[in-house]
Amino acid sequence: MTALSKAYRMEKDSMGPVRVPKEAYYGAQTQRAVENFPISGWRFQREMIHALGLIKFASAKTNFNLGLMERRMARAIEKASEEVMHGRWDDQFVVDVYQTGSGTSTNMNGNEVIANRANEILGRQKGIYKPVHPNDHVNLGQSSNDVFPSVIHIAAVNLIQNQMIPGLRDLQHALRAKGKEFRRILKIGRTHLQDATPIQLGQEFGGYARQVQLGVHRIQKAMESLYELPLGGQQLERESTPIPFLLEKQSRY
């Protein structure tokens, strides 16, 4: 064997053999996507990968509870999915953000990474996909057309709750503080490009603070539509949705 061939393993899919880096946790379909979409070099961010791992974790647990998957396999998939959620395998998510429209390539990237890691947990080799298969087990009961929109919803909620709203709250408080600091400063208010009436500079900053506060209210209202996921067979009441669990998990990373 040449030095080059030692660095790769051969995998097969429905389109034939594919050469995959030997130590990679992804497989043939991910490798094809890497070759098909060498566009921007941008990769999906942490929140998207976390959400994908969360979906695979919940799906394995659900499939076990439904009797569709045996316990040992389900637990291995759950463990591998948790590692994805924690960011252990971020470097294995190698597909460009510009790809097929349904997110199939990244969904399969996740399926292959989790399947290979689950098989490793069960004492098997990467690239064999026995007993855990990316499609038949990790992706059981799912489709890219519902997984990927769900990933977007979950990632958006995490980013809004953990970054956007706290940042806006800080801005609101800073503007309100400036409003108090500037309350003794008088200025001319203007309307229609003309001087209008005297106001306090503090009043003006108070208006800015109120605008940010109302913006937060509108964002929180818009988030209601993100709580409902495209993936799943039963609509749950909001109190029983996994959003608090989701946010608790994300806050630890």
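Scroll up for the structure.
To start, this report covers the structure provided alongside it. This one's a predicted model, so the numbers in the text were calculated from it and none came from an experiment.

Let's shift gears to helix 8 (residues 201-222). Here helix 8 spans 32 Å end to end across 22 residues, near enough to the 32 Å set by a 1.5 Å rise per residue. Inspection of helix 8 places L201, G202, F205, A209, V212, Q213, G215, V216 and I219 among the buried residues, and these make up the whole buried set. Looking straight down helix 8, one finds that the buried residues subtend no more than 155 degrees of arc, so they occupy a single side. What points out from helix 8, more than 90 degrees from its buried face, is the exposed set Q211, R218 and K221. Buried residues along helix 8 sit in contact with helix 7 (144-181), strand 3 (186-191) and strand 4 (194-200).

Turning to the packing of aromatic side chains, a few remarks are in order. A full pass over the atoms with the stated rule returns five aromatic pairs. A centroid spacing of 5.9 Å and a plane angle of 40 degrees characterise the contact between W42 and Y98, whose relative ring orientation is tilted. Linking W42 in the loop between helix 2 (28-36) and helix 3 (46-65) with Y98 in the loop between helix 4 (71-85) and helix 5 (104-121), this pair joins segments that are 56 residues apart in sequence. Both rings, one in F44 and one in F148, keep their centres 5.6 Å apart while their planes meet at 70 degrees; by these two values the pair is edge-to-face. Of the two residues, F44 sits in the loop between helix 2 and helix 3 while F148 sits in helix 7, which places them 104 residues apart along the sequence.

It is worth spelling out the nonpolar core at this point. Ranked by size, the top nonpolar core spans 39 residues in total, and within it I77, V84, V113, V132 and V151 carry the most contacts. Looking at this core, the elements with two or more residues in it are strand 2 (16-21), helix 3, helix 4, helix 5 and helix 7. Dropping the residues within four chain positions of it, V151 is found in contact with M48, A51, L52 and I55. Membership of the second largest hydrophobic core comes to eight residues, among which are V157, I165, L226 and Y227.

Attention now moves to a nonpolar patch on the surface. Residues I39, W42 and Y98 make up a contiguous nonpolar surface patch of roughly 370 Å² in combined accessible area. Take I39: it is sitting in the loop between helix 2 and helix 3.

This brings us to the pairing of strand 4. When strand 3 meets strand 4, the two strands line up antiparallel, connected through six bridges. In the sheet register, L186 faces strand 4, and the bridge partner there is Q200. Adjacent in sequence and paired antiparallel, strand 3 and strand 4 are bridged by two residues, among which H192 carries a positive phi angle near 50 degrees.

Parameters and conventions
Residues numbered from 1 in each chain as written. Predicted model: local features only at pLDDT ≥ 70, side-chain atom pairs only at ≥ 80, totals over all residues. Heavy atoms only, no water. Helix = DSSP H or I, 4+ residues; strand = E, 2+ residues; numbered from the N terminus. Expected span 1.5 Å × (residues − 1). Buried < 20%, exposed > 50% of the residue type's maximum accessible area, 1.4 Å probe, protein only. Arc of directions from axis to C-beta. Contact = heavy atoms within 4.5 Å. Phe/Tyr/Trp six-rings, centres within 6.5 Å; stacked < 30°, edge-to-face > 60°. Core = buried A, V, L, I, M, F, W, Y, C linked by side-chain atoms within 4.5 Å. Patch = residues over 30% accessible without salt bridge, like charges linked within 9 Å, V, L, I, M, F, W, Y side chains within 5 Å. Areas by Shrake-Rupley, 256 points an atom, 1.4 Å probe, with all protein chains shown as cover. Salt bridge = Lys/Arg side-chain N within 4 Å of Asp/Glu carboxyl O. Pairing = 2+ DSSP bridges.

Structural measurements only, silent on function.
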